[in-house]
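This is what each chain is made of:
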Amino acid sequence: MSSKKVVTVAVLVAVLTWSTVMTVLGQVAAVAALLPSLGLLVQQTAQALTGPDGSRAPASPVPPAAGEEPPR
């Protein structure tokens with residue numbers, strides 16, 4: 001697993017742990033306000049962990065700067 005994925009999972013665990021602690025302490029209103037962003041965080045994390053590794057290619061190639069030769 002790449003370091004980026006490890007950091008993402010660590011952040012997810014921290015946020016979910018914090019929400020659990022707030023619920024246990026009786027701060028249900030704080031957790032209810034966070035539910036939409038928690039759902040999005042879980043969805044994006046699942047997508048990141050199941051997606052392919054590596055960077056994506058740009059939509060259109062960038063032309064070389066003046067005086068440079070294009071890559072071969």
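Conventions we followed
- Positions within a chain are numbered from 1, following the residues in the order the chain's sequence is written.
- Local features are withheld for residues below a pLDDT of 70 in this predicted model, meaning they are given only at 70 or higher, and side-chain atom pairs are given and counted only at 80 or more; totals for whole chains, interfaces and linings count all residues.
- Note: side-chain values were computed over all heavy atoms of the structure, leaving out hydrogens and water.
- The way it works is that DSSP assigns letters per residue, a run of H or I at least four long becomes a helix, a run of E at least two long becomes a strand, and they are numbered from the N terminus.
- Here, expected helix span is obtained from the residue count minus one, scaled by 1.5 Å.
- The bend reported for a residue corresponds to the angle between axes fitted to the seven residues ending at that residue and the seven starting there.
- Contacts between residues were defined by any pair of non-hydrogen atoms, one from each residue, lying within 4.5 Å.
- Relative accessible area decides the class of each residue, using a 1.4 Å probe on protein chains only: under 20% of the type maximum gives buried, over 50% gives exposed, and in between gives partly exposed.
- This arc is built from the directions going out from the helix axis to the C-beta atoms.
- Under this scheme, a helix contributes an axis fitted over its contacting stretch, all axes are lines through C-alpha atoms, and angles between N-to-C directions fall in the 0 to 180 degree range.
- In what follows, roughly perpendicular refers to angles from 65 to 115 degrees, roughly parallel to angles under 35, roughly antiparallel to angles over 145, and oblique to any angle outside these ranges.
- What makes a crossing left-handed is the near helix being turned counterclockwise from the far one by less than a right angle; a clockwise turn instead makes it right-handed.
- In the scheme used here, Gly and all other residues not listed as nonpolar or charged are polar, with Ala, Val, Leu, Ile, Met, Phe, Trp, Tyr, Cys and Pro taken as nonpolar and Asp, Glu, Lys and Arg as charged.

Enquirer: Sorry if this is basic, but what is going on with helix α2 (residues 28–50) here?
Expert: Since the α-helix packs 3.6 residues into each turn, any two residues three or four apart lie on the same face. Between its terminal C-alpha atoms α2 stretches 31 Å, which fits the 33 Å expected from 23 residues at 1.5 Å a residue. Of all the bends found along α2, the most pronounced is centred on Leu-35 and spans about 45 degrees, while Pro-36, a proline, follows it within four residues. Elements that come into contact with the buried residues of α2 comprise α1 (3–24).

Enquirer: Explanation requested: α1 in the structure shown.
Expert: Between its terminal C-alpha atoms α1 stretches 32 Å, which fits the 32 Å expected from 22 residues at 1.5 Å a residue. For α1, the set of buried residues is Lys-5, Leu-12, Ser-19 and Met-22. The arc that holds the buried residues of α1, viewed along the axis, is 125 degrees, so those residues lie on one side. Turned more than 90 degrees off the buried face of α1, the exposed positions are Ser-3, Val-7 and Val-24. Buried residues in α1 make contact with α2. Of the residues trailing α1, Gly-26 is marked for its positive phi of about 90 degrees.

Enquirer: Is there a simple way to think about the packing of α1 against α2 in this case?
Expert: Relative orientation and spacing of two packed helices are given, respectively, by the angle between their axes and the distance between those axes. At a minimum axis separation of 11 Å, α1 and α2 run at an interaxial angle of 155 degrees. Considering their axes alone, α1 and α2 lie roughly antiparallel with respect to each other. When the axes of α1 and α2 are compared, the crossing they make is left-handed. Here α1 contributes Lys-5, Thr-8, Val-9, Leu-12, Val-15, Leu-16, Trp-18, Ser-19, Met-22 and Thr-23 to the contact with α2, which in turn contributes Val-31, Leu-34, Leu-38, Leu-41, Val-42, Thr-45, Ala-48 and Leu-49. Residue composition of the contact of α1 with α2, by class: 13 nonpolar, 4 polar and 1 charged.

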